[in-house]
Amino acid sequence: MAAFFAWQAMDLPMGRAIRMGPGYFPMILAGLLALLGLIVLISGLAVPAGESHAINFAGWPWRSLALVTLAVVIFGLGIRPLGLGPSMGLAVFLSALASRKFNLLTGLASALIMVAFSWAVFIKGLGLPLPLLGPWLGGY
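Residues numbered from 1 in each chain as written. Predicted model: local features only at pLDDT ≥ 70, side-chain atom pairs only at ≥ 80, totals over all residues. Heavy atoms only, no water.

Trainee: Please clarify how the nonpolar core should be interpreted in this entry.
Mentor: As a rule of thumb, soluble globular proteins bury nonpolar side chains together. L84, M88, V92, A111, V115 and I123 form the largest nonpolar core, which has six residues in total. Broken down by secondary-structure element, the contributors of at least two residues to this core are α4 (84-97) and α5 (104-125). Excluding its chain neighbours within four sequence positions, the residues that come into contact with V115 are G85, M88 and G89. Counting residues in hydrophobic clusters, the runner-up holds five residues, among them L67, A71, A91 and A98. (Core = buried A, V, L, I, M, F, W, Y, C linked by side-chain atoms within 4.5 Å. Buried < 20%, exposed > 50% of the residue type's maximum accessible area, 1.4 Å probe, protein only. Helix = DSSP H or I, 4+ residues; strand = E, 2+ residues; numbered from the N terminus. Contact = heavy atoms within 4.5 Å.)

Trainee: Whenever I open this one, the packing of helix α3 (residues 62-82) against α4 confuses me. Can you help?
Mentor: Packed helices, taken two at a time, are described by the angle between their axes plus the distance between the axes. At a closest axis distance of 8 Å, the pairing of α3 and α4 adopts a crossing angle of 180°. Here α4 runs roughly antiparallel to α3, going by the angle between their axes. Residues R63, L67, L70, A71, I74, F75, G78, I79 and L82 of α3 form the contact with α4, whose own contacting residues are L84, P86, S87, M88, L90, A91, L94, S95 and L97. Tallied by class, residues from the contact of α3 with α4 come to 14 nonpolar, three polar and one charged. (Axes fitted to C-alpha atoms, helices over the stretch in contact; angles between N-to-C directions. Parallel < 35°, antiparallel > 145°, perpendicular 65-115°, else oblique. Nonpolar A, V, L, I, M, F, W, Y, C, P; charged D, E, K, R; others polar.)

Here it is, written out as structure tokens:
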């Protein structure tokens, strides 16, 4: 995967560290992805003799996996019709709900803080044309 990303970034001008081109950051990320992949590969192959390589699906946190996946899907599908605020709030709340130590007040507070942070960084700070409320909620 890292090789594919590096290959895609090769068409972009690299620049230098002092004056980065559009291909500089993707190439750095591809290098980091390759390094992390190598670390995972080596640690996966370094299993002591006699230990089982079988995957035990019974111990997986299926509820948490489903809720985090649902949060990402809801954010992706909801950003246009709902806007940044509600889709971010729902995604963060569902992700918090995936924890075994879930607390309603903490989940709501986390969602509100992330919505405020996203608004401050992406809409105000970077000036991205993202509506806080989408057309389904009277925005635009």
